[in-house]
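An overview of the molecular structure
These are the residues of each chain, in order.
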Amino acid sequence: MSDRLAVRKTYKLFIGGAFPRSESGRSYVVTDAKGRFVANASHASRKDARDAVTAARKAFGGWSGRTAYNRGQILYRVAEVLEGRAAQFVDELRQTGVTKPQAVAQVDAAIDRWVWYAGWADKLAAVAGSANPVSGPFFNFSTPEPTGVVAVVAPDSPLLGLVSVVAPAIVSGNTAVVVASEPAPLPAVTLAEVLATSDLPGGVVNILTGRRAELAPWLASHMDVNALDLAGVGADAVAALEEAAAGNLKRVVRPGDIDWADEPGTARMTAFLETKTVWHPVGV
Amino acid sequence: MISAAELRAFLHRLPGVDEVGAGERAARLATRSIKTSAKAEAIDLAISMVDLTTLEGADTPGKVRALCAKAARPDPLDAGVPRVAAVCVYPDRVDVAVEALKGTGIGVASVATAFPSGRAPLEAKLVDTRAAVEAGASEIDMVIDRGAFLSGDLLKVYEEIVAVKDACGDAHLKVILETGELVTLDNVRRASWLAMRAGADFIKTSTGKVSPAATLPVTLVMLEAVRDFRAETGRQVGVKPAGGIRTTKDAIKYLVLVNETAGPDWLTPEWFRLGASSLLNDLLMQRRKLTTGVYSGPDYFSQD
């Protein structure tokens, strides 16, 4: 019998590439499917949300300014590091009450999903953009541009759902502030550790754990947030959040009845794009 | 006139500064929590103390005019926001600022005396100063000769300040110590007393061109100096930290420091200024958060 002391992980927030505790000093208890204690997670406050938005805004210029090809490379690197951590994700998913084969399948699906989105980085402009025929001596084309800072309320599917909302937000050059699943936030914090060690610039993804009902309204009304993904919000809270989001005309994705294992399609990527159209004279 | 020996003896009799103690005291005061209505008051006070500054080689008349418009009406959507205390520019842009600020009551401060290095003959510094005053500057920010100070030629520093003060006429004289180059807090205390005895109306931490610029411990030492100077001579001298103050939180820390060190007599734009350029936008952003209840963003405020 070893009398070694247990070295337990402190699950913290992920803001601007660093892992701070909540500014409020609060935490909440995360339990497994049977109600047993698993860990304390940080209980983020509105000021943590504000700091996360500031970090995301700061990272936006650099991330959106990279070539699409380079963003794809970095996201693929994230998938590589995810793969190396697969066993840890499987353990954390099993605590939420799924069997080992189910957990393995979910982790594999999440990694594949990330790779799938990484591949879209340099193809999105070709699919979502266009060369427009116009009646005049102009070469006219439309290109998609990232909208800015996207606030994401992640769904309760702790890894596959999370990956399915984070990757499409950032692949086009947006930066994200993510509120992790409230009952199962631990895979999100582990994902943050993956992101922190895989060439993704600090601040591109910021992850908060805590109460959705407390954080979502501040993000929805924040004037420096450009879009809102409400994937993990209950139907009763949507109207108020959409109303708050109207203050600066945020792009809003409403929650739907989504099976995260299904083919995702491009909708979540194109929801956070702006279109820039350029008229270029020809034949002069 | 004072002799070199007297000046040296006086400055070296000043008690030494406990660097660790000053840092600890400043850090302790910085933990004060200022919230809700007190925060709203502090933000307005801080806005009214800002010396809105542009000191770039690329300053155009248009940029100075834009800055002046912002000084007079910091938030175009809210007339309740107080005006800033002054606009701070280079001497050859004073005329533009004076013209743009006519009738607003906002002062025009000009740096002078071969800012920021101060490495020029005295005659050139005096010409620089007179030109700024003639163009209409109501405040002159001069730099001390740090080279002379550090090599022990205290009288040269003293006499330069006296000469510039004389050239200022009615304009207020702010003396920049450039504390980032003075190395120790003992030197900051000595330079503060030297400047005050030479006739400074304000002592200012830094040019903003040298890092570190204003810090809380340095400002603490300078505030103690003006407090002690008034107790000894009856003359009140102002303090202006400048450079590196970017957030509302920082500004409020300075206000707490003023209140707890020099006292509430200094908590007015007449006796305390914040030299800054990007700070104003953060103050406006925080102010709008308090009035509207939602977080604001940098997109809603002008950048220059």
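Residues numbered from 1 in each chain as written. Chains lettered and ligands numbered in written order. Predicted model: local features only at pLDDT ≥ 70, side-chain atom pairs only at ≥ 80, totals over all residues. Heavy atoms only, no water.

This brings us to the overall build of chain B. Within chain B, the secondary structure is distributed over twelve helices and eight strands. Relative to its length of 304 residues, chain B is compact, with a C-alpha radius of gyration of 19 Å against a globular reference of 19 Å. If one aligns the C-alpha atoms of chain B with their principal axes, the spans along those axes are about 60 × 45 × 30 Å. Averaging the positions of the 37 positive and the 39 negative side-chain charges in chain B gives two centres separated by 4 Å. (Helix = DSSP H or I, 4+ residues; strand = E, 2+ residues; numbered from the N terminus. Rg over C-alpha atoms; globule rule 2.2 N^0.38 Å. Lys, Arg positive; Asp, Glu negative; His and termini not counted. Charge placed at Lys NZ, Arg CZ, Asp CG, Glu CD.)

Here we come to the overall build of chain A. Summing up its helical and strand segments, chain A has ten helices and ten strands in all. Overall size of chain A, expressed as C-alpha extent along the three principal axes, is 85 × 35 × 35 Å. When burial is assessed residue by residue, chain A has 49% of its 284 residues classed as buried. Restricting to contacts in chain A with at least 6 residues of sequence separation, those with at least 24 account for 76%. Approximately 12900 Å² of chain A is accessible, and the part contributed by carbon and sulfur atoms is 54%. Mean positive and mean negative side-chain charge positions of chain A (28 and 28 charges, respectively) differ by 5 Å. (Buried < 20%, exposed > 50% of the residue type's maximum accessible area, 1.4 Å probe, protein only. Contact = heavy atoms within 4.5 Å. Areas by Shrake-Rupley, 256 points an atom, 1.4 Å probe, with all protein chains shown as cover.)

All names here are of chain B. Between helix α1 (residues 4–13) and helix α8 (residues 154–168), whose axes approach to 9 Å, the crossing angle comes to 100°. In terms of axis orientation, α1 runs roughly perpendicular to α8. Facing Ala 4, Leu 7, Arg 8, Leu 11 and His 12 of α1, the residues of α8 in contact are Leu 154, Leu 155 and Tyr 158. A per-class count over the contact of α1 with α8 returns six nonpolar, one polar and one charged. (Axes fitted to C-alpha atoms, helices over the stretch in contact; angles between N-to-C directions. Parallel < 35°, antiparallel > 145°, perpendicular 65-115°, else oblique. Nonpolar A, V, L, I, M, F, W, Y, C, P; charged D, E, K, R; others polar.)

In many analyses, interface size is given as the accessible surface area lost on bringing the parts together. Each side of the interface is counted separately: chain A has nine residues, and chain B has eleven residues. Buried surface at the junction of chain A and chain B, both sides included, amounts to about 940 Å², of which 52% is carbon and sulfur. When the area that chain A buries against chain B is broken down by residue, the three leading residues are Arg 50, Trp 218 and Met 223 of chain A, summing to 48%. Summed over the shared surface of chain A and chain B, the number is zero salt bridges. Between chain A and chain B we count three residue pairs in polar contact (both at pLDDT 80 or more) in total. Looking at the side of chain A that touches chain B, the element that brings in the most residues is helix α1 (residues 46–65) of chain A, giving three residues. For the side of chain A that touches chain B, the class distribution of residues is two nonpolar, three polar and four charged. (Buried area = accessible area lost by both parts, 1.4 Å probe. Salt bridge = Lys/Arg side-chain N within 4 Å of Asp/Glu carboxyl O. Polar contact = N/O pair within 3.5 Å; in protein donor to acceptor, adjacent residues only side chain to side chain.)

As enumerated under the stated definition, the model contains 38 salt bridges over all chains in all. Note that Asp 51 of chain A and Arg 50 of chain A form a salt bridge whose closest N and O atoms lie 3.4 Å from each other. The residue Glu 224 of chain B makes a salt bridge to Arg 189 of chain B at a minimum N-O spacing of 3.1 Å. In this pair, Glu 224 of chain B is assigned in helix α10 (residues 216–233) and Arg 189 of chain B in helix α9 (residues 185–197), connecting sequence segments 35 residues apart. For Arg 189 of chain B, a relative accessible area of 12% puts it in the buried group. Among the ionic contacts, a cluster of salt bridges with common partners joins Asp 51, Glu 139, Asp 141, Lys 174, Lys 204, Lys 240 and Arg 273 of chain B.

Right, let's get into helix α8 (residues 212–221) of chain A. Since the α-helix advances by 3.6 residues per turn, residues separated by three or four positions end up pointing in the same direction. The set of residues buried in α8 of chain A consists of Arg 212, Leu 215, Ala 216, Leu 219, Ala 220 and Ser 221 of chain A. Elements in contact with the buried residues of α8 of chain A: α1, β5 (149–153), β6 (175–179), β7 (205–208), β8 (227–229) and α9 (235–245) of chain A.

In this structure, Asp 236 of chain A sits in helix α9. When the C-alpha positions of Asp 236 of chain A and Ala 56 of chain A are compared, they lie 28 Å apart, and in sequence the two are 180 residues distant.

For the rest of this paragraph, the subject is the packing of α1 of chain B against α9 of chain B. Residue and element names in this part refer to chain B. Contact pair α1 / α9: the axes reach a minimum separation of 9 Å and the direction vectors enclose 135°. As the angle between them shows, α1 and α9 are arranged oblique. Remark: the crossing between α1 and α9 carries right-handed chirality. Across the interface between the two elements, Leu 7, Phe 10, Leu 11 and His 12 of α1 pack against Arg 190, Trp 193, Leu 194 and Arg 197 of α9. Classifying every residue of the contact of α1 with α9 gives five nonpolar, one polar and two charged. (Left-handed = near helix turned anticlockwise from the far one by under 90°.)

A few words on the pairing of strand β2 (residues 86–89) of chain B. All names here are of chain B. The alternating pattern of β2 places Ala 86 and Cys 88 on one face and Val 87 and Val 89 on the opposite face, and all of these are buried. In this sheet, β2 lies alongside strand β1 (residues 50–53) in parallel orientation, the contact comprising three bridges. The partner of Thr 53 across the bridge, within β2, is Cys 88. The parallel pair β1 and β2, bridged by helix α4 (residues 61–72), forms a crossover whose chirality is right-handed. By the bridge criterion, four bridges tie β2 to strand β3 (residues 107–112) in an arrangement that is parallel. Among the inter-strand pairings, Ala 86 is bridged to a residue of β3, identified as Gly 107. For the segment spanning β2, helix α5 (residues 94–100) and β3, crossover handedness is right-handed. (Pairing = 2+ DSSP bridges. Right-handed = clockwise from strand over helix to strand, strands pointing away.)

It is worth spelling out the nonpolar core at this point. If you look at the biggest cluster of nonpolar residues, it comprises 94 residues, and the most contacted ones within it are Ile 161, Val 175, Leu 194, Phe 272 and Leu 274 of chain B. The next biggest cluster of nonpolar side chains, apart from the first, holds 55 residues, and it includes Trp 120, Ala 154, Val 163 and Leu 273 of chain A. (Core = buried A, V, L, I, M, F, W, Y, C linked by side-chain atoms within 4.5 Å.)

This paragraph deals with the sheet that holds β5 of chain A. All names here are of chain A. On the basis of which strands lie adjacent, the open sheet formed by five strands has the order β7-β6-β5-β8-β9 and parallel pairing. Two strands close off the open sheet at either side, each with one partner strand: β7 and β9 (251–253). Across the sheet, the mean angle from the axis of one strand to that of its neighbour is 15°, orientation sign disregarded. When β8 meets β9, the two strands line up parallel, connected through three bridges. Bridge assignment links Asp 229 to a residue of β9, and that residue is Val 253. Packed on one face of the sheet, helix α6 (residues 160–171) meets β5, β6, β7 and β8 and runs near 160° to β6.

Residues and elements named next belong to chain B. Most of β3 sits inside the fold, with six of its six residues counted as buried. Here β3 shows no split at all, with Gly 107, Ala 109 and Val 111 on one side and Val 108, Ser 110 and Ala 112 on the other all buried. Two elements, β3 and strand β4 (residues 139–143), share four bridges in a ladder whose sense is parallel. Each bridged residue has a counterpart across the sheet, and for Ser 110 the counterpart in β4 is Ile 140.

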